[in-house]
Structures are given as C-alpha cells and as structure tokens.
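Letter by letter, the chains look like this.
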Amino acid sequence: MRALIFIGFILFFMIAPFFIGTSADTFSGAGPFESLSPAHPLGTDYLGRDMLFEVLRAGSVTMFICAAATLLSLASGLTCAVLTSALPTIPGTILARGMDALNSIPSLIIAFVLIAAFGSTTSSLIIIITVVEFTRAYRSLKAPVIQIFAEPFVELSRIRGEGFVYLVTRDIWPNIRPYAAVELVNRFVACLMFLSALSLLGIGIQPPTTDWGTLIKLNATGLLLDSAAPLIPGIFILIASLLALLAASDASRKLEFSKS
Amino acid sequence: MSVDSLTSEQHEQRSPFANLRSIAFELTIRLVILLVAAALIFFGTALIPGDFVTELLGQDYTPELGAQLRHSLGLDRPLPERFVTWLLHFLQGEFGQSFTSRIPVWEVVQPRLGNTLMLAGAALCWFPLALTAGVASFLAPPQSRRFLQLFMQIVLCAPEFLIAYIFIYVFAVQLHLLPAVSRLAPDQSVSQHIRVLILPSACLGVGMIAYVGRMLLSLLLMEEKKDYFEFARLRGFSRSWIALRYAVPAILPSIVNLLLIYCAYLLTGVLVIEVVFGISGIGELAVSSVVWRDIPVLQFCAVFITAIYVGIYSLSDLVAGQISKRGAL
Amino acid sequence: MKPDSSERQHTAEAANVLEVKDLSAVISNSAASARRIEKLCMALKPGTLSTMIGPSGVGKTSLCLALMGWLRPNVRIVSGEVLFGTRPLLQMHQRQKQALWGREILYIPQSSATALAAPRNVVGQISEFAGDTAQERSERRKLLQAAFQRLEIPGFDEDRYPHQYSGGQLQRILISTVFCATPRLIILDEPTTALHPDLKTSVIEAIKARVREIGAAALVISHELPFFAEFSDQTIDLSASVPPAVKPRSVRPAAPLVGESRAAFKPQPMLTEPPRLAVGGLCIKAPSGRPLVRNVAFQVRPGACLGIVGPSGAGKTTILRSLLGQHGDAKGTIEVDGQRIPLHHSRRTVEQKRQLEYVPQSVKLHLNPALSVDYLIRRRLRQAGHDHSIDAVVDALEKVLLPADYRSKRSAELSGGECQRLGIALALASHPALLLLDEVTASLDPVNANVVADILDRHRASGSMAMLLVSHQPEIVARLASDVLELRDGQVVHPVRDNHAPSASREDVAGSVIYRESEPRQCVL
C-alpha cells in the first residue's frame, strides 16, 4: 500500500508536465518572490513565474533522472554482487577489489571528475549517478547474495549439477528479491539527494532545464528577501524521501516476515 | 577505548606480532586501493575534452607553439607513462599550476584548507550532543522515544542543504541572530569565527545528531536484550544505571566507529555546506574547478579528499575488527 | 541431621516466602506457537529448596521471571496471584519491585558468556548491588572472596573479565552471588548444566547450606530431575499445569526393534551383480592437516543398504560429503557402476553428479524457499527423462504418503517430518543409482521417524537403487541396513562382510552398534 503511494507520487510528477505544458516562459505578470496567494498557491519565483508550475516541471526532470539512475544502478549493482560470488575465485576477487577501490572514492569526487569529463547533460547525469550509486547498491546487496550462495540449497543445486542459469534465476533471484526491493527504495532516495546536491552546486542540471536542486539554487537569493521560495522544492524532496522511507519500511517488514 | 577494555585486550593478546602483521597487510591493501583510486581519478580527468595546452596558452595559441609546449610538458607521451610521472610528482608535493589563477595549486589550496578544517572541526563539536541524544532517547519513556525517533528519521531524510536553507531562513532572516553568509578571514577574532561557524556547523551537526543518535539508540536497544542487562535489572539496578555503566562501555568501539563513519560523511557534507554559506574552502574550490575545467586543482582536490576518506575508513575497519574480535571472545 | 529436622519443623510453621495461587499465563516462544500454563499453584517455605521441572520449551525461565514480577515481552499473565510474603507481587509498582530485586529476591541466570557485561571485571559485577553503601560493598567483597574459595573459582584478586572464565567457572561465579547477599527468595536457573559432574553435588550442597543459613527459599529450574530430587524438599511439575493441547513427549520405542529387525527378512542382493558403489582407499584430511578418514573401503550392491555408524566425529558425514565431491583434499577411488568418478564435484560431469542423490538431516534447509513442491519434483522428473505431468508429480508425492494438494506448497509451509518425506520424494524422482541418506530421521519424533523408515524400507526392497545410510539411531540402522560399517576415529572397526551371506555375525554387529549408540541417542531426541 505504502509502496503504491510512493510509486503514484513518482508517476504523478513524471506525467504532470503533459497537463500543464512544458514551456518555461508562461509569464503571469506577477512580481518576483510573491508570497502564497490563491492565484499562486506556492508563490512566485525569482522571475515572477508561478512556483507550483515550476516545481511540477522540475519534478518531472528530477523523477525521470532518478528513476532511470535507480533502476540502472540497482541492476548493475546486483549483477556485480552475483558475479563476485558466482565467478571463479580469481576473477571474482579482482572484481570485488575493483569495486572496493571505486567504493573508496567519495561519491561527490567521482561525480566531479566525470562531470568535468562528460558535461552535465541529462543522459550523462544519469550515467554519472549510476556509476556513483551502483557501487553502493553492490555494497549493500553483496552480503545477502553471499549469504544466499552459502545456503545449503544452493550447495545442493551445485552438487546436483544444476547450471549457472538455474542457479541465478531460480535459486538466487527469488530469494534476493525482497532485499532488492528495499535497496531499490534506498537507492532512489540516494539518487534524489545526489542529483539535487549536484544541481545545487551548479554542476547538475543546467538552466533553462530545471530540477528541484536547480530551483533551490536559482531562488536562493529570495531567502534574503524574506521569501520561502527556495524552501519549497526542498520540501518536495523531503516528502519524496519520506514516502520512500515508508515504502522501504513496508518492504523491510516483508523481508523480516519472510525470514521468520 | 576505556581503560578496562584495554586491559582485557592485553590479557587476550598472545602474539602481538600476528596482530601487527594483519594490520600491516590491511594497510598495504588500502594503499593499493588508494593507488587504484588515484589512477581512476587521473584517467577520468584525462577524458576531459580540450587539453592542457589550449587552456594554458589561451589567446596565444598557435599549432607550433602548442606542439612545442605539449612536448615540453610530456603530453605527447602515452597515458600510462603520464600517469606514472604525474604520480611521482604528486608524491613529491608538486601538484602543478592552476589553469585559472596561474599560481601553484598548493598556494590556491592552502588558505582554503584551513577554512574547511575549521568547519569540519566545528561540526565535530556537536558529537557529544549526538551521544546525549542517543542515550536520552534510550532512557526516555516509550512515547517520547517514538517521537524522538520520528524526528531523527525526518532529519535524516532531509538533505543537508535543505536544513541549511531552513536554518538561514529561521535564524538569519527571521530572527537576525546569526549571519546568513559566513565569511572566514584571517583577520577575524576567535569570537567572530565562532559566531560565523555556528550556523554552518549546526547544519552538519543536526544530521550527525540524527544519525548517531538513531544508531546509538538501536545499539542500546540491542544491548538491553542481552542476558547481562536482564540479570543486572534483576539485581535491582535501574535502566539508566545499567545503560551508563555497562551498556555504553560495551558498545564503545561501535561508538568510535560511528564517529569515524560520520567523519567520512562530513568530508562531502562540508563541500555542499561551504557552497551554501559561501565559505571559501576546498569544496567551493573543487566545484569551481569542475566548472572551469581546472584540471590540476581538480586532481589535487579529488586525490586529497579520497586519501582522507580511505584513511578514515581504514581506521574504522580497524576498530570494527577489534569489535568482532571482542565479540568472538 | 538433627538440626536439619528441627529446622524443617520450624519452617513448616513459618509463613510462605512465595505463594502462587491459580496462576494462568500465556508464554509465546515464537510468533507462531504459544504455550499456556493454567492454574499453577505452589508455595515456597523458608529454608527449603524446591525444584521446578517441566517439558522443554514451555518457558520455565520466563515463568520464573514472571513470578519475580519481571515480565518478558513474550509473557502475559491471564489471571492468578503471586504473594511475596503477604504482598501481591504482580500488582506492585515498578519502583517497589526494583527495590525487592537483588536484595529480597535474587535471580541466578543460566550460565552463559553474556550473563555478565563483557567490559567490566567479574568480581566487581557480582559484588555490586543497587544502593550499597561503601561499607556494605566491602563486606560483600569479603563474603564473595570466601565463596570463591568454597566453590573453587580461581582469580579473585586478578581483576579478571568474563571471557577469561570457562562456562563451568562462570556458572559457579553466578552462583557465588548467593553467598554475598541475604535474599529471602533465590531463583536458580539450571545451576548445574555447565558443571563438571564431580562438582555438582558439592555445589548444590553449598547452595542448600546457604539457603538454610539465611532462611531463604530456593527455587531451582532444572532438567536433571533425578539428581535434584535427592536434594529438593519439593518438586513442582509444570506438565500438570500445561494443558494437553501440547503434544506429549512420547517414549521412544525401545529394544523390541532389534528383534523386529531380526524377524524382518531383508532380501539380500544377488552376489553376482557388480557393486553399485565401490569405494577404495579413501583418505580425507581436514584443512588443518588432521586426518578425518583413513583408508576406508566398502562396496554397496544394487538393492542393498549400507549403514555407516559410529560415534560423532568418527567421519561418517565426511564420507558422505566426499562421495558428493565436497572434499577437495580426498584421496582414493570412487566407482559408480564400475565407472570411476572424479573426487571433486567440479570435475564431475552432470550425468555423474545426477547418479547420486542426497537426503540431508534437515531437508528444510536444503530446499529453496521460493520454489513450489510441484516445480521441484517436476524439474527432477524432467532431468531424469521421465514423464513430468501432474499425475507423475502426484504419484511421486503419494510414494512418500504426502497428499496431492501439497503440490502448490513451499518448503516453509511444511513441517519437519513432511520436509524429510518430500526430500526422499525428490531424491527418488530423479531415479538415482545411489541414494545417500544423512541422519534422515535424527531430527524427527518417533512417529515421523517410523513413517520415513517405512518409506525407505519399501523403496530399498523394490528398487535396484543402492542406499548409504548414515545414522546415530540404532533402530533405523537395524531396520534398513543390510550391512553395517562401523567407524571410529576415521577408521573401519567392523568391515562390511559382503562375501558371505548374512549370518548371526551381522546381527552381532548391529547389536554392538545399538549398545554403543543408545547413550548419545537420548540427547538427540
């Protein structure tokens, strides 16, 4: 149920721009940093645009990038986790050590280097966030994967001469699924935070395209003019991560249940 | 580590050399990992479009002059060879020259490093409060504990920049208590420094209070389930007495580990907070080096921060190793 | 003995230290199962020692703690009253109860490394009581020193930590608490389980003397009834208060089985047939270099069942594991149907691997919890090249007396006995040449064990399959095995006699096995 609310939240922001139009210059004639009013339920931004529309438009970009990066990073992290356990010792160790090395670079630093190299287009940001987050997904899925590989039933499958495909699709995947569900939500939150931080630092999404982080950065001057405008996108980020947390607590309760 | 646990370690350690050897082995692995990470950073920056030479020469660029400079800088040699040269220079403390300001990297970095360290140090001052929060939420009656847990959870969900803007909005804009922009200059007095640092360090500290407090609470709740806790309760001791006298010493290594993990987090948290508050530190430098593609500065910042990060994690793994050893006893 | 009897007379007149009136409680062990205790009544008099016994898993410890007023989260008191002296203990405030604990009511937990806090020294912890003054503290230390001497615990002055003591020492250390306090009620949880047999009597006598000395009532929770019956003044049997919904522990079927096995005629394999399995010169070393199995050789013919017996640690399971190719450091030869197969499973072909089927002690752990019974059976039937329709699956289930609607279940929904039967069904579904059975009935109750043995007996008799049975339990070995291989320290004690027809000698072997194995069996069930 909670997971459905969370997914609904993401989908809502993904499709919202189709209803309000994507053009960024719907100038309403209002002054900059107006406070909340019936005409502008969330006030106006630094150019006098309606904040609600801006948040919805930016939300679509945010959600799209985060969802893509989350799915990609979870898939590649899970693949690496399975490979390090399933591969023979030497290539497995090399892979594991390589992941350790990647893991030991702070995520912002990886992003700095890669953004300097590839620029901050939407697609390169998806790739960069994936590179950063898949090592984290790998790290948290490695332990359960190792644990499942050590289960007697996997050992028995190996003794019985079952192939690699059976091992992965029948023995590992159904049993790792609950862990992957929890990790999916955690990765989403991490991606959201990370993307917003990059945009806030000015090296993420570049205007005129905006995401929530960019919106905060663009409206930051409003704070000194006594406007809460920069806080509004931040509050949406907070709501998204709280919803994700609720969904994750649901998923991890299911995990506890399946364990007992 | 308390005096008590140190003595208990000494009793158990039969061959200190075996322990030392394993530590040395771990350190070697860390160094190799750091080397690989440096290589990743180097090859990553080598992917940056455009090259040193066009950046360096700027307006004066002609193909002949470019080729000459490229040769003199060794840029026409293969990438792995350049990596080795770069690494050797780096180890000797020659970090190159900034493209934008045309002065040695170290001179660009040095004044900012002090600011960053000051901010990080100020953020660590909140650690005792985080410990108090953890123990207090353990001792609190169930209802207030649930409330505290919820609060910590919400804070953990909020990105640090949102906390920063909320703090600025409340404390600087609305209440006019503290400055919204933190300028750190060498000519300021200590009290001015403190006043300027309160808000940015609090943004990092709130996150720490939530994280450390929550972890500490769950650690203490786990201790409460153990037999010794029940036995002590049944000898008439109160929960708070047992928590402070038995449980906290028992989880002390975990607390040290939490502190280290938090330090690692601070490394990147500081970068964001610096930009928000306009503190000229390493983070701000790194961001601008990305924007301006100032490769030597970027390389230095990346390798420097990674080295500290790996160092902190090595230390925390060492502590974790000690914990598991004690657990096995 | 005279002061003893006079004191007892005295105590008979004295008021009860603890009185439990019609106490009903629910104690849940896990999310699924809860045990009820109904109308428990008991009275403890000063200077006496009472023993509480009861079925295992009923929650004796939780119950005793509830009698002290300490309710673990899994305990719920339904009705009844507990009087400490004249005060109702259950209705007291937390603060009042806390004042009683330690000073008036002392609980001595079961010995475990976690009963004492690891980072503080032992003497300090034991002699520490809530609200002590400095003088009381030094007095307790003196008393404790005497107690340490009396109970022969070393290292009083050495500032030792819990991990520096053994389990038996820790138990005595916990008991020594009794000697530095003057409570009116002492509850001791399994005070002798970790003790060396020679020490038990002296420790109990010491406790008893102390109880008389301070006029306290002691309640001992124990499994070892015969031992405590001698010392205790009364015995409280919880099984009287546990409603019969709980399955009674049935007595294990005893000796007659041996006779039965003699009567039951086992069809002997044809001697002219080549052996299904031939093992020669098998030597296995542990990673540490210690030999686990030394030069073991045996043969099993189609339709025969070889029982491998011996004390634990003799290398029984090691042999099975090496047959499955799980021991890298093995030497010797393994031949199936005259074909030599590699020792390690990674070098075996899929066909070679599928000639062997393995049924472990706990099938439940060896079943993928995400897959249905139907899928598991079907896959094995398909792999063996047999009909894998629904009917075939139902048929396979019927062979092991499982109903057809179990097809859709998963391993988590089956009981232990059903899982064992399913494990056999799975093994049979792949039609192996050799069936390896590792303690298949060890974790089952006698009724289920019998069912499993019946199923195996039927299939052994009908098929051309060879079986290898590793077991602790003499009944099942006597029932199924046509030959017995006894191991001790990795070496064969009684080699298989496969050159002559079974005679009285085989029965002797089985008999000796039963004699040796009957003792450890008690702890298995």
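Residues numbered from 1 in each chain as written. Chains lettered and ligands numbered in written order. Predicted model: local features only at pLDDT ≥ 70, side-chain atom pairs only at ≥ 80, totals over all residues. Heavy atoms only, no water.

### What about the overall build of chain A?
For the record, the criterion: Think of it this way: any DSSP run of H or I at least four residues long counts as a helix, any run of E at least two long counts as a strand, and we number them from the N terminus. Exposure categories follow from relative accessible area, calculated using a 1.4 Å probe and restricted to protein chains: below 20% of the type maximum is buried, above 50% is exposed, and the middle band is partly exposed. The criterion used for residue contact is that any of the two residues' heavy atoms lie within 4.5 Å. Only the protein chains shown count as cover for residues, and the accessible areas themselves come from Shrake-Rupley with a 1.4 Å probe. Counted as positive: Lys and Arg. Counted as negative: Asp and Glu, with His and the chain ends omitted from the count. Charge positions are represented by NZ for Lys, CZ for Arg, CG for Asp and CD for Glu.
Assigned secondary structure in chain A consists of ten helices and zero strands. In terms of overall dimensions, chain A has C-alpha extents of about 75 × 40 × 30 Å along its principal axes. In chain A, which comprises 260 residues, the share counted as buried stands at 56%. Contacts spanning at least 24 positions in sequence make up 69% of the contacts within chain A whose residues lie at least 6 apart. With the model as given, the accessible surface of chain A reaches about 10600 Å², and the carbon-plus-sulfur share is 72%. Averaging the locations of the 16 positively and 16 negatively charged side chains of chain A gives two centres separated by 9 Å.

### As for a nonpolar patch on the surface
Threshold: Patches were defined on residues exceeding 30% relative accessible area and lacking a salt bridge, with like-charge contacts within 9 Å and nonpolar side-chain contacts (Val, Leu, Ile, Met, Phe, Trp, Tyr) within 5 Å. Salt bridges are counted wherever a side-chain nitrogen of Lys or Arg sits within 4 Å of a carboxyl oxygen of Asp or Glu.
There is a patch of nonpolar side chains on the surface, built from A:Met1, A:Leu4, A:Ile5, A:Ile7 and A:Leu11 and spanning about 530 Å² of accessible area. Looking at the element boundaries, A:Met1 is found in the segment before helix 1 (2-20).

### A short note on the interface of chain C and chain A
Our working definition: Accessible-area loss on putting two parts together, using a 1.4 Å probe and summing over both, is the definition of buried area adopted here. For this scheme, ten residues count as nonpolar: Ala, Val, Leu, Ile, Met, Phe, Trp, Tyr, Cys and Pro. Four count as charged, namely Asp, Glu, Lys and Arg, and the remainder, Gly too, count as polar.
If you look at the interface, chain C gives 22 residues, while chain A gives 14 residues. Summing the contributions of chain C and of chain A, the shared interface buries around 1600 Å²; its carbon and sulfur component is 51%. Sorting the residues of chain C by area buried against chain A places C:Lys353, C:His366 and C:Asn368 first, and these three jointly supply 26% of that buried surface. Across the salt bridge formed by C:Arg321 and A:Glu155, the nearest N and O atoms sit 3.8 Å from each other. Considering each element in turn, the side of chain C that touches chain A owes the most residues, five residues, to helix 12 (residues 373-383) of chain C. Taken together, the residues of the side of chain C that touches chain A sort by class into ten nonpolar, six polar and six charged.

### Focus: helix 4 (residues 107-118) of chain A
Residues and elements named next belong to chain A. This is how it is decided: In this analysis, the expected span of each helix is defined as 1.5 Å times one less than the number of residues it contains.
Spanning twelve residues, helix 4 covers 16 Å between terminal C-alpha atoms, matching the ideal 16 Å at 1.5 Å per step. Within helix 4, eleven of the twelve residues are buried, leaving the element largely enclosed by the surrounding structure. Three or more residues of helix 4 are buried, namely Ser-107, Leu-108, Ile-109, Ile-110, Ala-111, Phe-112, Val-113, Leu-114, Ile-115, Ala-116 and Ala-117. Gly-119 occupies a position one or two residues after helix 4 and carries a positive phi of about 75 degrees.

### So, the environment of A:Ala58
Mapped onto the fold, A:Ala58 is located in helix 2 (residues 51-86). In sequence terms A:Ala58 and A:Thr44 are 14 residues apart; their C-alpha atoms lie 14 Å from each other.

### Re the sheet that holds strand 8 (residues 217-221) of chain C
Residues and elements named next belong to chain C. How we decide: Note on pairing: two strands pair once DSSP finds at least 2 bridges between them. Angles here are taken between N-to-C directions and fall from 0 to 180 degrees, while the axes themselves are lines fitted to C-alpha atoms, restricted in helices to the stretch in contact.
An order of 6-7-8-3-9 is seen for the five strands of this open sheet, with the pairing classed as parallel. Edge strands, defined here as strands with exactly one partner in the open sheet, are strand 6 (105-108) and strand 9 (234-237). With direction set aside, neighbouring strand axes in the sheet form an average angle of 20 degrees. Two elements, strand 7 (residues 185-189) and strand 8, share five bridges in a ladder whose sense is parallel. In the strand pairing of strand 8, Ile-186 is matched with Ala-218.

### Things to note about empty space enclosed by the protein
As a reminder, the rule being used: Think of a 1 Å grid over the protein atoms and nothing else: a 1.4 Å probe that fits but is trapped marks a cavity, an open set flanked by protein within 12 Å on at least five of seven lines marks a pocket, and residues with an atom within 4 Å of a point count as lining. Grid points are joined across faces, edges and corners, and a volume is the space filled by probe spheres set on the points.
Scanning the entire structure with this criterion turns up seven cavities of 30 Å³ or more. In this structure, the second largest cavity spans a volume of roughly 100 Å³. What lines the second largest cavity is a set of 13 residues, and nearest its centre among them are A:Phe153, A:Ser157, A:Tyr166, C:Leu376 and C:Arg380. For the lining of the second largest cavity, the elements supplying multiple residues, two or more each, are helix 6 (152-159) and helix 7 (164-201) of chain A together with helix 12 of chain C. No other element matches helix 6 of chain A, which puts three residues into the lining of the second largest cavity. Class assignment of the residues belonging to the lining of the second largest cavity gives a composition of six nonpolar, three polar and four charged.

### What about the state of the cysteines?
Where two cysteines share a covalent bond between their sulfur atoms, that bond is called a disulfide. Basically, it comes down to this: The rule for a disulfide is simple: a pair of cysteine sulfur atoms within 2.5 Å.
Counted under the stated rule, the structure contains zero disulfides over all chains. For the unlinked cysteine B:Cys203, the closest cysteine sulfur is that of B:Cys125, found at 15 Å.

### What about the UniProt feature "domain: ABC transmembrane type-1" (unreviewed entry) in chain A?
Put simply, the rule reads: UniProt positions are given in the numbering used here, feature names are shortened, and annotations may be inferred rather than shown by experiment.
The UniProt entry lists residues 59-248 of chain A under the feature "domain: ABC transmembrane type-1" (unreviewed entry), expressed in the numbering used here. Along residues 59-248 of chain A the backbone is 84% helical and 0% strand, and the end-to-end C-alpha distance reaches 21 Å.

### Brief notes about the UniProt feature "transmembrane region" (unreviewed entry) in chain A
Residue and element names in this part refer to chain A. With numbering matched to this structure, UniProt assigns "transmembrane region" (unreviewed entry) to residues 6-27, 61-87, 107-132, 184-207 and 227-248. Helix and strand shares over residues 107-132 are 88% and 0% respectively, and the end C-alpha atoms of the span are 6 Å apart. Spanning residues 227-248, this segment combines 82% helix with 0% strand, and its end C-alpha atoms are found 34 Å apart.

### Observations concerning the sheet that holds strand 5 (residues 87-88) of chain C
Residues and elements named next belong to chain C. The strand order across the open sheet built from four strands is 2-1-4-5, with neighbouring strands paired in antiparallel fashion. One side of each edge strand has no neighbouring strand; the edge strands of this open sheet are strand 2 (34-44) and strand 5. Here strand 1 (residues 18-28) pairs with strand 2 via eight bridges, running antiparallel. Bridge pairing links Leu-23 to Leu-40 in strand 2. Relative to the sheet, helix 2 (residues 60-67) contacts strand 1, strand 2 and strand 4 (75-84), its axis offset from that of strand 1 by approximately 135 degrees.

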